[in-house]
Amino acid sequence: MPMAFPQTRMRRLRASAGLRGLVRETDLRAGQFVLPLFVAEALNVTGGREPIATMPGVERLSLTAAVAEAQEAAALGIPALMLFGLPAEKDEQGSGAWEEDGVVQMAVRAIKQAVPELLVITDVCLCEYTTHGHCGVLRDDAGAPHGQDVDNDASLELLARTAVSHARAGADIVAPSDMMDGRVRAIREELDGKGLSRTPILAYSAKFASAFYGPFRDAADSAPAFGDRRGYQMDPANGREAVREALLDVQEGADMVMVKPALAYGDLIRAVKRATRLPVAAYNVSGEYAMVKAAAAAGYLDERATVLEILTSLRRAGAEVLITYHAKDAARWLAEQS
Ligand code: PBG
């Protein structure tokens, strides 16, 4: 006979910090964090940093400031950065994405030189580099609502070229976020063909067309000039499809997979983890960050407790890797606790 109340009392193991610690199922460590950085080419002239209005506490950085930020992250025990670039100029093709002296390539070299042990992950996408703000190149399509559509197969070559240029600059991991079909395979083939078979791919496998990216598009100046991203990013209503996307990326050669956004997608972190058996990253995106910061600033939430609870919940859902703008604060709070 299974015992229930009054023999069973769940509160027994909650009675002290020692007991709670002993039976805690989930750990949260700075060693699981990835800190995203925005490096802006235009700031290299003036130097320094520029605040991002929609993401209090996050700044666009010059190369020098990015190196300083990298050093600070490493000192806090954060093992990895995720780099996003804002080029000085954009064009139709997004050619700034694969230039040898592009903003991300320069930042990778500078950071790897200054802090070699810090892992540098690069976001592979064209949206920050194209004048139209879409994640691939366009082609005329009379049937499309705006007369143009993102050309999947033509974009693959450019994305692969971008990934190779990042890896050549010294990126430890490349992370395609464009959501074109076949991009993991295209990138894997191009890396391998160029002698870069040791560079892992972190695929943004289940990336949803989400309202939670709003602040990022302000930060990275990457909002689409027309239309939206629903023709390539996923429908937030679809969970089975997310698993399918992740399994396809595994077949194409992904080393790690990602679910993005994170907070409203814990079910899919779990489902993707179970189906793929690969390391899973959860991207705690700009809008999730902005909500907490706004509520904390208004006095509605305790920022520290909220952030640690959110990050713990993503670990509990099954993510090994947590990509979060809270990384530095959370690392400091965890260090104070121990
Ligand atoms: C680029 C990209 C985006 C994010 C990461 N890579 C924006 C988008 O797809 O519109 C979002 C990150 C965030 O919101 O923090 N494609």
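Nothing here was measured: the structure is a model prediction, and the numbers come from that model.

1. Focus on the overall build of the protein chain
Part 1 of the reasoning: Helices and strands together make up the secondary structure of the protein chain, namely 12 helices and 12 strands.
Part 2 of the reasoning: The C-alpha atoms of the protein chain give a radius of gyration of 21 Å, which matches the 20 Å a tight globule of 338 residues would have.
Part 3 of the reasoning: Taken along its principal axes, the extent of the C-alpha atoms in the protein chain is 70 × 45 × 45 Å.
Part 4 of the reasoning: When each of the 338 residues of the protein chain is scored for burial, the buried share is 53%.
Part 5 of the reasoning: The long-range fraction of contacts in the protein chain, counting pairs at least 24 apart against all pairs at least 6 apart in sequence, stands at 73%.
Part 6 of the reasoning: Accessible surface, the protein chain as shown: approximately 15600 Å² in total, 51% of it carbon and sulfur.
Part 7 of the reasoning: Positive and negative side-chain charges of the protein chain, numbering 37 and 45 respectively, have mean locations separated by a distance of 11 Å.

2. Observations concerning the packing of helix α8 (residues 240-252) against helix α9 (residues 266-276)
Part 1 of the reasoning: Two numbers describe how α8 lies on α9: the axes approach to 9 Å, and their chain directions differ by 40°. As judged from the angle between their axes, α8 and α9 are oblique. In the crossing of α8 with α9, the sense of the turn from one axis to the other is right-handed. Counting all contacts with α8, which are made through Ala242, Val243, Ala246, Leu247 and Val250, the residues of α9 involved are Leu268, Ala271, Val272, Ala275 and Thr276.

3. Notes on the pairing of strand β12 (residues 321-324)
Part 1 of the reasoning: Here β12 shows a buried face lined by Val321 and Ile323 and a second buried face lined by Leu322 and Thr324.
Part 2 of the reasoning: Pairing analysis gives 2 bridges linking strand β1 (residues 33-40) to β12, with the strands arranged parallel. Among the inter-strand pairings, Val34 is bridged to a residue of β12, identified as Ile323.
Part 3 of the reasoning: Judged from the 4 bridges that link them, strand β11 (residues 280-284) and β12 form a sheet pairing that is parallel. Paired with Ala281 across the strands is Val321, a residue of β12.

About the thresholds
Starting from 1, residues in each chain are numbered consecutively following that chain's sequence as written. Given that the model is predicted, a residue must reach a pLDDT of at least 70 before its local features are reported, and side-chain atom pairs must reach 80 or more before they are shown or counted; all residues, however, enter totals for whole chains, interfaces and linings. Only hydrogens and water are removed before side-chain values are computed, so all heavy atoms of the structure are retained for them. Helix and strand assignments come from DSSP, with helices taken as H or I runs of at least 4 residues and strands as E runs of at least 2, each series counted from the N terminus. Here the globule rule reads 2.2 Å times residues to the power 0.38, and the radius of gyration is calculated from C-alpha atoms. A 1.4 Å probe rolled over the protein chains alone gives each residue an accessible area, and that area as a share of the maximum for its type sets the label: buried under 20%, exposed over 50%, partly exposed in between. By the convention used here, residues are in contact when the closest approach between their heavy atoms is within 4.5 Å. Accessible surface is estimated by sampling points in the Shrake-Rupley manner with a 1.4 Å probe; for residues, cover comes only from the protein chains shown. Here the positive residues are Lys and Arg and the negative ones are Asp and Glu; neither His nor the chain ends is included. Every charge is mapped to an atom, namely NZ of Lys, CZ of Arg, CG of Asp or CD of Glu. To obtain an axis, a line is fitted to C-alpha atoms, over the contacting stretch when the element is a helix, and the angle between two such axes runs from 0 to 180 degrees between their N-to-C directions. In what follows, roughly perpendicular refers to angles from 65 to 115 degrees, roughly parallel to angles under 35, roughly antiparallel to angles over 145, and oblique to any angle outside these ranges. Crossings are sorted by hand: turned counterclockwise from the far helix by less than a right angle, the near helix makes the crossing left-handed, and turned clockwise it makes it right-handed. At least two bridges found by DSSP between two strands are what make those strands a pair.

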